[in-house]
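Residue-level structure breakdown
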Amino acid sequence: MIIKNLVVGPLAANCYIVGSEATKEGMIIDPGDDAEVILRNVKDLGLKIRSIVLTHGHIDHIGALKEVKEATGAEVAIHTDEAKSLQKQPLSTLLGLSYPTPLPADRLLKDGDSMDIGGLHFLVLHTPGHSPGCICLLEQGVVFSGDTLFNYGIGRADLPGSNYSQLMNSIHTKLMTLPDNTAVFPGHGPDTTIGAERSSNPFLQNS
Ligand SMILES: [Zn+2]
Ligand SMILES: [Zn+2]
């Protein structure tokens, strides 16, 4: 599996370009900003992008969505409970970032769905808490965790639409049930593993 990490935008969100070495098909996870950089990397990797998957709808993860969608023609996929964030961005005003043009999703996801891209099969895990329709994507011992789980951190639960107990429940029931050697690629910051977070993440001790 090809995994290219790009740090984009003023909030330093991780955008991932993920694809199959065999079929040269792939997807973009969270095109948060810097469309030109994302598209240049897609070209360098020689990937045909089939899907743009959003771990959730916060502005720092979708800022370059329109440009990337127009350039690739890929379908836009987001969890059902998050779809309205593509139409309206209360957070953009809150964070002082402008949100360009509303863009509807092409595919609405739910827990247990499979995103099948170029021979790769990503299992959709619904992990509400940081926002209602947060998802993580799991394939071949790798999980893309969005803003649900970070390297020694967890997603914010103090934003409009956040829910702390839901967030902890999602982490414990959907992520901490994965094997220790599962690689974690989060929405911000460096990658980690489920085992490292299980043993040392301060937010997961005594909870
Ligand atoms: Zn977020
Ligand atoms: Zn974020």
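The structure under discussion appears in the preceding block.
Summarised in this report is the structure supplied together with it.

Parameters and conventions
Residues numbered from 1 in each chain as written. Chains lettered and ligands numbered in written order. Predicted model: local features only at pLDDT ≥ 70, side-chain atom pairs only at ≥ 80, totals over all residues. Heavy atoms only, no water. Helix = DSSP H or I, 4+ residues; strand = E, 2+ residues; numbered from the N terminus. Rg over C-alpha atoms; globule rule 2.2 N^0.38 Å. Buried < 20%, exposed > 50% of the residue type's maximum accessible area, 1.4 Å probe, protein only. Contact = heavy atoms within 4.5 Å. Arc of directions from axis to C-beta. Pairing = 2+ DSSP bridges. Donors = N, O, S within 2.8 Å, 3.2 Å for Na, K, Ca; no water. Tetrahedral: all angles 85-135°; square planar, octahedral: opposite > 155°, others 65-115°. Core = buried A, V, L, I, M, F, W, Y, C linked by side-chain atoms within 4.5 Å.

**Quick word on the overall build of the protein chain**
Helix and strand content of the protein chain: six helices and 14 strands. For the protein chain, whose C-alpha radius of gyration is 16 Å, the value lies close to the compact-globule estimate of 17 Å for 207 residues. Per-residue burial over the protein chain gives 53% buried out of 207 residues. Of the contacts made within the protein chain by residues no fewer than 6 positions apart, 59% connect residues no fewer than 24 positions apart.

**Quick look at helix α1 (residues 35-45)**
Residues of α1 that are buried: A35, I38, N41 and V42. Take α1 and look down its axis: the buried residues cluster within an arc of 135 degrees, on one side only. α1 presents E36, K43 and D44 as exposed residues on the side facing more than 90 degrees away from its buried surface. On its buried face, α1 is in contact with β1 (2-8), β2 (13-19), β3 (25-29), β4 (48-53) and α3 (65-72).

**Some remarks on the pairing of strand β7 (residues 114-117)**
Covered by surrounding structure in β7 are M115 and I117 only, the residues S114 and D116 on the alternate face being uncovered. Here four bridges tie β7 to strand β8 (residues 120-126), and the two strands are oriented antiparallel to one another. Looking across to β8, one finds that I117 is bridged to L120. Hairpin remark: β7 followed by β8, antiparallel, with two residues in the connecting loop; positive phi at G118, about 55 degrees.

**Quick notes on the coordination of the zinc ion (ligand 1)**
Only H56 (NE2), H58 (ND1), H130 (NE2) and D147 (OD) from the protein reach the zinc ion (ligand 1) as donors, at distances of 2.1 to 2.4 Å. One can describe the site at the zinc ion (ligand 1) as irregular: its four donor atoms subtend angles covering 89 to 173 degrees at the metal. For the zinc ion (ligand 1), all donor residues lie on one chain, and their spacing in sequence is H-x1-H-x71-H-x16-D. A distance of 3.4 Å spans the gap from the zinc ion (ligand 1) to the zinc ion (ligand 2), which D147 bridges by coordinating each metal. Pair noted here: H58 is in the loop between β4 and α2 (59-62) and D147 is in the loop between β10 (142-146) and β11 (149-150), with a separation of 89 residues, a long-range link. Both residues of the pair, H58 and D147, belong to the buried class.

**Quick notes on the coordination of the zinc ion (ligand 2)**
Bound to the zinc ion (ligand 2) on the protein side are D60 (OD), H61 (NE2), D147 (OD) and H188 (NE2), at distances that span 2.1 to 2.3 Å. The coordination sphere of the zinc ion (ligand 2) comprises four donor atoms, whose angles at the metal cover 87 to 159 degrees; the geometry is irregular. Every donor residue of the zinc ion (ligand 2) comes from the same chain, spaced as D-H-x85-D-x40-H. On the basis of relative accessibility, which here comes to 0%, the residue H61 falls in the buried class.

**Considerations on the nonpolar core**
The biggest cluster of nonpolar side chains holds 23 residues, and the ones touching the most others in it are I38, L54 and L65. Secondary-structure elements contributing two or more residues to this core are β1, β2, α1, β4, α3 and β5 (75-79). For I38, the contacting residues outside a window of four places in its chain are L6, V8, C15, I17, I28, P31, D33, A64 and V68. Membership of the second largest hydrophobic core comes to 18 residues, among which are V18, V53, I135 and V142.

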